[in-house]
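# Summary of the model geometry
Single-letter residue listing:
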Amino acid sequence: MANDLTILTDDGKVNVRTAAWIEHDGKLLVCKFFDGVISLPGGRIKFGETSQEAVKREVYEEIGEKPKSTKFMAVIENLFNLKVPYHEYLFVYKVGIDYKSEYQPNEENNQSLFWIDMNEIDSIQPKELLKLKGLSDDKLPLHLVNID
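Here is a short report on the structure shown in this document. Every value quoted in this text rests on a predicted model; they were computed, and no experiment measured them. (Residues numbered from 1 in each chain as written. Predicted model: local features only at pLDDT ≥ 70, side-chain atom pairs only at ≥ 80, totals over all residues. Heavy atoms only, no water.)

Attention shifts here to the overall build of the protein chain. Each helix and strand counted, the protein chain has 1 helix and 10 strands in total. In the protein chain, the order of α-helices and β-strands from amino to carboxyl end is β-β-β-β-β-β-α-β-β-β-β. Since a compact globule built from 148 residues should have a radius of gyration of about 15 Å, the 15 Å found for the protein chain is in line with a globular shape. Projecting the C-alpha coordinates of the protein chain onto the three principal axes gives extents of approximately 45 × 30 × 30 Å. Taken across its 148 residues, the protein chain has 41% of its residues classed as buried. A total of about 8500 Å² of accessible surface is found on the protein chain, and carbon and sulfur atoms cover 49% of it. (Helix = DSSP H or I, 4+ residues; strand = E, 2+ residues; numbered from the N terminus. Rg over C-alpha atoms; globule rule 2.2 N^0.38 Å. Buried < 20%, exposed > 50% of the residue type's maximum accessible area, 1.4 Å probe, protein only. Areas by Shrake-Rupley, 256 points an atom, 1.4 Å probe, with all protein chains shown as cover.)

See the structure below:
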């Protein structure tokens, strides 16, 4: 399998990632990671893989469901520090899957999956994801910048 698109530079790391915005009945499916960060299911894109192929792979790996649909929503340039500076490009897709009240995540990822009410997603990272809440398809796609 190809390598993840993470590049170490003299100034920090460049990441290319994808994430799945999965809604059902006024709720959003989110991941809580071992460090307490709450975000969308997703992960790094692999060399030679498109962002759409990657989101489909990541949804299957992390949630165990094959996507029925994917629609590009946004790209977020995410600049943050996590021991080193990161410059990340996050491709966000609205993904349709078969609904379940609970999903069992891949144990290797040290994360939990759960539904959160759309009115309570203020803790999601990166914060620019909040701008996607409630947007109609005619307002998409967006280019957003998040600086932490």
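Glancing now at the side chain of glutamate 77. Examined against the element boundaries, glutamate 77 turns out to sit in strand β7 (residues 69-82). Of the side chains with opposite charge, lysine 131 comes closest to the buried, unpaired glutamate 77, at an N-O distance of 13 Å. One polar contact links glutamate 77 to histidine 87, side chain to side chain, over a distance of 3.2 Å. For glutamate 77, the side chain forms a polar contact with the side chain of histidine 143, separated by 2.8 Å. Setting aside residues up to four positions removed in sequence, glutamate 77 forms contacts with His87, Glu88, Tyr89, His143, Leu144, Val145 and Asn146. (Lys, Arg positive; Asp, Glu negative; His and termini not counted. Salt bridge = Lys/Arg side-chain N within 4 Å of Asp/Glu carboxyl O. Polar contact = N/O pair within 3.5 Å; in protein donor to acceptor, adjacent residues only side chain to side chain. Contact = heavy atoms within 4.5 Å.)

Turning to helix α1 (residues 51-63), a few remarks are in order. The end-to-end C-alpha distance of α1 is 17 Å, a good match for the 18 Å that 13 residues give at a rise of 1.5 Å each. Lining the buried residues of α1 we find β2 (13-21), β4 (27-33), β6 (42-44), β7, β8 (84-96) and β9 (111-117). Positive phi appears at glycine 64, one or two residues downstream of α1, with a value of about 85°. (Expected span 1.5 Å × (residues − 1).)

Per the counting criterion, the structure on display carries 5 aromatic pairs. Measuring from ring centre to ring centre gives 4.9 Å for phenylalanine 80 and tyrosine 86, while their planes differ by 5°; the resulting arrangement is stacked. For the pair phenylalanine 80 and tyrosine 86, a shared accessibility class is recorded, and that class is buried. Ring geometry for tyrosine 99 versus tryptophan 115: centroids 5.5 Å apart, planes at 45°, classification tilted. With a gap of 16 residues between them, tyrosine 99 in the loop between β8 and β9 and tryptophan 115 in strand β9 connect regions that are remote in the sequence. Owing to a relative accessible area of 14%, tryptophan 115 belongs among the buried residues under this scheme. A cation sits over an aromatic face here: lysine 66 above tyrosine 60, 5.8 Å from the ring centre. (Phe/Tyr/Trp six-rings, centres within 6.5 Å; stacked < 30°, edge-to-face > 60°. Lys NZ or Arg CZ within 6 Å of the ring centre and 35° of its normal.)

With respect to the helices and strands, glutamate 88 occurs in strand β8. Within polar-contact distance, the side chain of glutamate 88 engages the side chain of asparagine 15 at 3.4 Å. In this structure glutamate 88 touches Asn15, Arg17, Ile76, Glu77, Asn78 and Phe80, once residues within four positions along its chain are discounted.

Per the stated rule, a full pass over the model turns up 9 salt bridges. For arginine 57, the salt bridge identified is with glutamate 49, shortest N-O distance 2.8 Å. You can call arginine 57 buried: its relative accessible area is 14%. The salt bridge involving lysine 68 is made with aspartate 98; its shortest N-O contact spans 2.8 Å. Here lysine 68 is found in the loop between α1 and β7, whereas its partner aspartate 98 is found in the loop between β8 and β9, with 30 residues between them in sequence.

So, to be careful, I would describe these as geometric facts and stop short of saying anything about function.
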